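# Chain and residue survey
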Amino acid sequence: MADQESPKGPAAPLNLTPAALLAEVGTLGRRISEGAKLFADVSDADVAIATTPKDLVWSQDKVRLYRYRPLAESKGLPPVLIVYGLIGRYTMADLQEDRSLVRNLLNLGLDLYVVDWGNPGRADRYVTIDDYVDGYLAECVAVIQEAAKRDRISLLGICEGGVFTTCYAALYPETVNAMVLTITPIDFHADARDARAGHGFINVWTRSLTPEDVDRLIDAQGSLPGAFMGSVFSMMTPMRTLTKYNLDLLDALDDKKKFLNFLRMEKWIADRPDHPGEAAKQWLKDLYQDNKLVQSAFELGGRTVDLKAITCPVLNVFAQDDHIIPPATSQALKDRIGTADYTEMGLPGGHVGVFVGGKAQKLLGSGIADWLGQRG
């Protein structure tokens, strides 16, 4: 069989002499030695995440509401509440100083709050999405309204947190000035129609379960364990998971900044809280399996979440190469809400890259601030 050629022509033959091979081994040895010294010198403070100064303004049970201290002159716009999901930490939006959505928005003059859902345990087994939206989130909004002396605030939902803000905006439209959604699923079955290879594995996996499977999964622990979901996310990109500690890490050993950024990301990934049991059942069965949100059939607190009831301006941000929340699952919102002031922003990168990738992250902060500025 003839040798195959690459599109750029014949592959260059490997021409490693014993001397060149020894030189490569020597270089590798030095990098590992330097890396060991880096590891030894790194302290907790060096890899601290979510360091933007903020103050606790309200708490209830395990939920905390923080207000960020301003970093620039206020633009006088309605306050913005960041709402992350339960399956990860809001700290992704403030991972490091030079790649922080939070700092970017503060530097652009926004008044910013964030809700921290805390660490749910077995005592939170029966906490529902109803409790998070009608209870905790509604209380956070009321606290901010009173502090700002405003009837309406803006919401910035991220991933599952975007589902929470979508539900809230449909149930309490009179309190929402504008809503920004980022990497938020709305149509949990749109991946099947888009059929993009390598995307939507969680959707496929969840639909492969029976409702009874979900009940058994939750009942065994009283929650959806964060460690379990961490392993599910890892299996979605198996080669990436296998190589990051021996290729990516090795590549970062001779660059301290890159090395610390690697550790910060790993710190965020490792801090994955458990998902309260009943809320997890609603998330997996009502939304992933039965796809009730996009059908305006999802019920919270005895009321139906009707997407047509969302009358505030909406900015819908999605990642163009998101394998966890495929773009089609987010873009489905467009024709289902009750406002004509709807804008989409597709950014390069994947699910996390929107927040930490250099190009996308810069576009994200300025894009959100500019859009909100036109709707103040």
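Here the structure is a predicted model, which means the values were calculated and not measured.

## With respect to the overall build of the protein
When helices and strands are tallied, the protein shows 14 helices and 12 strands. Of all 376 residues assigned to the protein, the portion counted as buried reaches 51%. In the protein, once contacts between residues fewer than 6 apart in sequence are set aside, the share between residues at least 24 apart is 78%. When the accessible surface of the protein is totalled, it reaches about 17,400 Å², and 53% of it is carbon and sulfur.

## With respect to the pairing of strand 4 (residues 112-116)
Along strand 4, five of the five residues are buried, which leaves the element largely enclosed by surrounding structure. In this sheet, strand 4 lies alongside strand 2 (residues 63-68) in antiparallel orientation, the contact comprising four bridges. Following the sheet pairing, arginine 64 is matched in strand 4 by aspartate 116. Here strand 3 (residues 80-83) runs beside strand 4; their pairing, made up of four bridges, is parallel. Bridge assignment links valine 83 to a residue of strand 4, and that residue is valine 115. Following the chain from strand 3 across helix 2 (residues 101-107) to the adjacent parallel strand 4, one finds a crossover that is right-handed.

## Focus: the packing of helix 6 (residues 201-208) against helix 11 (residues 277-289)
Here helix 6 crosses helix 11 at 105°, and the two axes come no closer than 10 Å. Regarding the angle of helix 6 to helix 11, the classification is roughly perpendicular. Residues Ile202, Asn203, Thr206 and Arg207 of helix 6 form the contact with helix 11, whose participating residues are Leu284, Tyr288 and Gln289.

## So, unusual backbone geometry
The backbone of aspartate 61 shows a phi angle near 55°, a positive value even though the residue is not glycine. Considering the arrangement of structural elements, one finds aspartate 61 in the loop between strand 1 (54-60) and strand 2. The backbone phi angle of isoleucine 183 is positive, close to 40°, even though this residue is not glycine. Tracing the backbone through its elements, the reader meets isoleucine 183 in the loop between strand 6 (176-182) and helix 5 (190-194). The buried category is assigned to isoleucine 183, whose relative accessible area is 2%.

## Some details on the confidence of the model for the protein
Residues with a pLDDT of 70 or more make up 83% of the protein, whose mean pLDDT is 86. In this model, residues 1-10 is a region of pLDDT below 50 whose contacts with residues beyond four sequence positions or in other chains number one contact.

## What to know about the sheet that holds strand 1
One open sheet accounts for eight strands, arranged 1-2-4-3-5-6-11-12; its pairing is mixed. The strands lining the two open edges of the sheet, one partner per strand, are strand 1 and strand 12 (342-347). Averaged over all adjacent pairs, the angle separating strand axes in this sheet is 20°, with direction ignored.

Rules and cut-offs
- Residues numbered from 1 in each chain as written.
- Predicted model: local features only at pLDDT ≥ 70, side-chain atom pairs only at ≥ 80, totals over all residues.
- Heavy atoms only, no water.
- Helix = DSSP H or I, 4+ residues; strand = E, 2+ residues; numbered from the N terminus.
- Buried < 20%, exposed > 50% of the residue type's maximum accessible area, 1.4 Å probe, protein only.
- Contact = heavy atoms within 4.5 Å.
- Areas by Shrake-Rupley, 256 points an atom, 1.4 Å probe, with all protein chains shown as cover.
- Pairing = 2+ DSSP bridges.
- Right-handed = clockwise from strand over helix to strand, strands pointing away.
- Axes fitted to C-alpha atoms, helices over the stretch in contact; angles between N-to-C directions.
- Parallel < 35°, antiparallel > 145°, perpendicular 65-115°, else oblique.
- pLDDT = per-residue confidence, 0-100.

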